[in-house]
Amino acid sequence: MDRRGFLTDTFSGLALAAMLHRDGYASGEPNGKPHFAPKAKSVIWLFMNGGVSHMETFDPKPMLTKYAGKSINETPFKDVQNPEKLKLARVTVINDANGQQRNKLYPLQVGFKKHGKSGIEVSDWLPHTGECIDDITVIRSTYTTDDNHGAQTQFHTGRHMLDGEFPTLGAWVHYGLGTLNENLPQFISMGNREYWNLKDGHYLGPAHDAVPVRVDPANPLDYGKPELPVRPEEQKLGFELSGKLNKLRAAEYPDDPALDARIKAYELAFRMQKSLPEVLDFAKETEETKKLYGLDRPETRAFGLQLLASRRLVERGVRFIQIQHGAGGAGAWDAHGGLKANHSGNCLAVDKPISGLLKDLKRTGLLKDTIVVFATEFGRTPGTQGSDGRDHHIYGFSVWMAGGGIKGGIVHGATDEIGFHAVENRHYVTDVHATILHQLGLDSRKLEIPGRKRLDVDHGNAIKEILG
């Protein structure tokens, strides 16, 4: 053996050991198996960008209408603006036009009705979701600390943007659990994402970023097919050669996370060329199913396509699907003005597809293994901004969860009488993360890597009261 061959073989072994250690196969770190028996296998994470008004969706506050037009200081609720209660806010942009206290109470812009056996009140803008309320836990007591749109990232990572960049929940799930289907990504993102909210893996490495997917069988992902015609056997040879060259490079640079991610991406891309178009081809779905998701209506078609694709993806073993609705720096739900028109239109776009997803998962038996989450970055202020809007509000807002061993037909936590502060069973956003991880059989405190000690706030606490 010549010197080059000796060094290559020797360091290939060292490289393999280093990569195995880094990926958790030689140090007690994640080995692709849950830490304890899971109740769920997959997550469909529905995120509404911009900040959904909790008071016009899942947390009705009649006192807003009773005291409409009065300043908070003129009502029995003036203590909500006690400076001590407002300290949790960490301001990113000083003197920004938004994210301010709004003092003049704004009446509710929509009515509510009780739904299901549970009798939980749901906004009249969400009648189809209301039909599914007995399968849903509404958490009315979530809070966060970023009063600007960095809260989009905060809800996904659990950390304020001022702290730096941290892995998202989907990245931790990807890191902690093995694949259920070798031919599909285990972490998928749908919908546009802003550049500052684009990545997931961060210090876990780019291999744990979500794979962005479009609901288009002909072009489901960027660079997913050759630019020029090529025979399958030719393409296979090209992939094999690229793989050999990349692995030789990995022997010289065993701790290069970008190279590791590239190798895995090439291998997965080759397998996905056949599997992903099949998933996104809805030709075999019945017309009844398509209507269930609202594919027959222009208002609901775009979101409905993504949710039907999500059902087909979890059916085939995808672990985590993250869907961003209303993407953009501020987000489509950011109703600083014209809240009634904004929220009624956005609710129309998502309501029927969401109910279709829940009903479809339930009738196919997938809901018992799939957690569906409806989340947003923050709520909106009880007080009015301008004449007909609401500002960002971090002190109390609503999210909901369904399936995967989550109880249905219950409300957990509460805000005060005007929806200002979470006052009962308060939950920082990582409590939602911890609940999901628990149902997937993962112990968050075992999901750490050397040199990256996580804080208590990173881990959160599972919300045991909502678990079945």
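Refer to the structure presented above.
An account of the accompanying structure is given in this report. Just so we're clear, the structure is a prediction, and the values are computed from it rather than from any experiment.

**Brief notes about a nonpolar patch on the surface**
Taken together, the side chains of L241, L245 and L248 present a nonpolar region at the surface, about 300 Å² in accessible area. Relative to the helices and strands, L241 is located in helix α6 (residues 232-252).

**Observations regarding the pattern of salt bridges**
Scanning all chains against the criterion turns up 28 salt bridges. For the salt bridge of R312 with E285, the shortest nitrogen-to-oxygen distance reads 2.6 Å. Taken as a pair, R312 in helix α9 (residues 301-315) and E285 in the loop between α7 (257-279) and α8 (287-292) lie far apart in primary sequence, 27 residues in all. Note on E285: relative accessible area 10%, which makes it buried. Between E448 and K453 there is a salt bridge; the shortest N-O distance is 3.7 Å. On the accessibility criterion, E448 (18% relative accessible area) is buried. Three or more residues are tied together by salt bridges with common partners; here these are E278, E285, E288, R311, R312, E315, R316, D360 and R363.

**Some words on the environment of A422**
Inspection of the secondary structure assignment puts A422 in strand β14 (residues 422-424). Separated by 28 residues in the primary sequence, A422 and I394 have C-alpha atoms spaced 9.6 Å apart. Ignoring any residue separated from it by four or fewer positions in sequence, one finds A422 in contact with S141, T142, Y395, G396, A414 and T415.

**Some thoughts on the side chain of H343**
By the secondary structure assignment, H343 is in helix α10 (residues 339-363). For H343, a relative accessible area of 0% gives the class buried. Reaching out from H343, the side chain makes a polar contact with the backbone nitrogen of S53 at a distance of 3.0 Å. Residues within four places of H343 in sequence aside, it is in contact with G51, V52, S53, W125, W333, A335 and R380.

**Describing α10**
Because each turn of an α-helix spans 3.6 residues, side chains separated by three or four positions end up pointing in the same direction. Here α10 contains 25 residues, and its C-alpha end-to-end distance of 35 Å stays within 8% of the 36 Å for a straight helix at 1.5 Å per residue. Remark: the principal bend of α10, roughly 30°, maps to L348. Where α10 ends, the next residue or the one after it, G365, has phi of about 80°, a positive value.

**Overview of the pairing of strand β10 (residues 389-393)**
Taking burial as the measure, the five residues of β10 include five buried ones, the bulk of the element. Bridge count between strand β9 (residues 379-385) and β10: four bridges; the pairing is antiparallel. In the strand pairing of β10, G379 is matched with H393. Linking β9 back to β10 in an antiparallel pair, the connection comprises three residues, with G386 at a positive phi of about 65°.

About the thresholds
Residues numbered from 1 in each chain as written. Predicted model: local features only at pLDDT ≥ 70, side-chain atom pairs only at ≥ 80, totals over all residues. Heavy atoms only, no water. Patch = residues over 30% accessible without salt bridge, like charges linked within 9 Å, V, L, I, M, F, W, Y side chains within 5 Å. Areas by Shrake-Rupley, 256 points an atom, 1.4 Å probe, with all protein chains shown as cover. Salt bridge = Lys/Arg side-chain N within 4 Å of Asp/Glu carboxyl O. Helix = DSSP H or I, 4+ residues; strand = E, 2+ residues; numbered from the N terminus. Buried < 20%, exposed > 50% of the residue type's maximum accessible area, 1.4 Å probe, protein only. Contact = heavy atoms within 4.5 Å. Polar contact = N/O pair within 3.5 Å; in protein donor to acceptor, adjacent residues only side chain to side chain. Expected span 1.5 Å × (residues − 1). Bend = angle between axes of the 7 residues up to and from the residue. Pairing = 2+ DSSP bridges.

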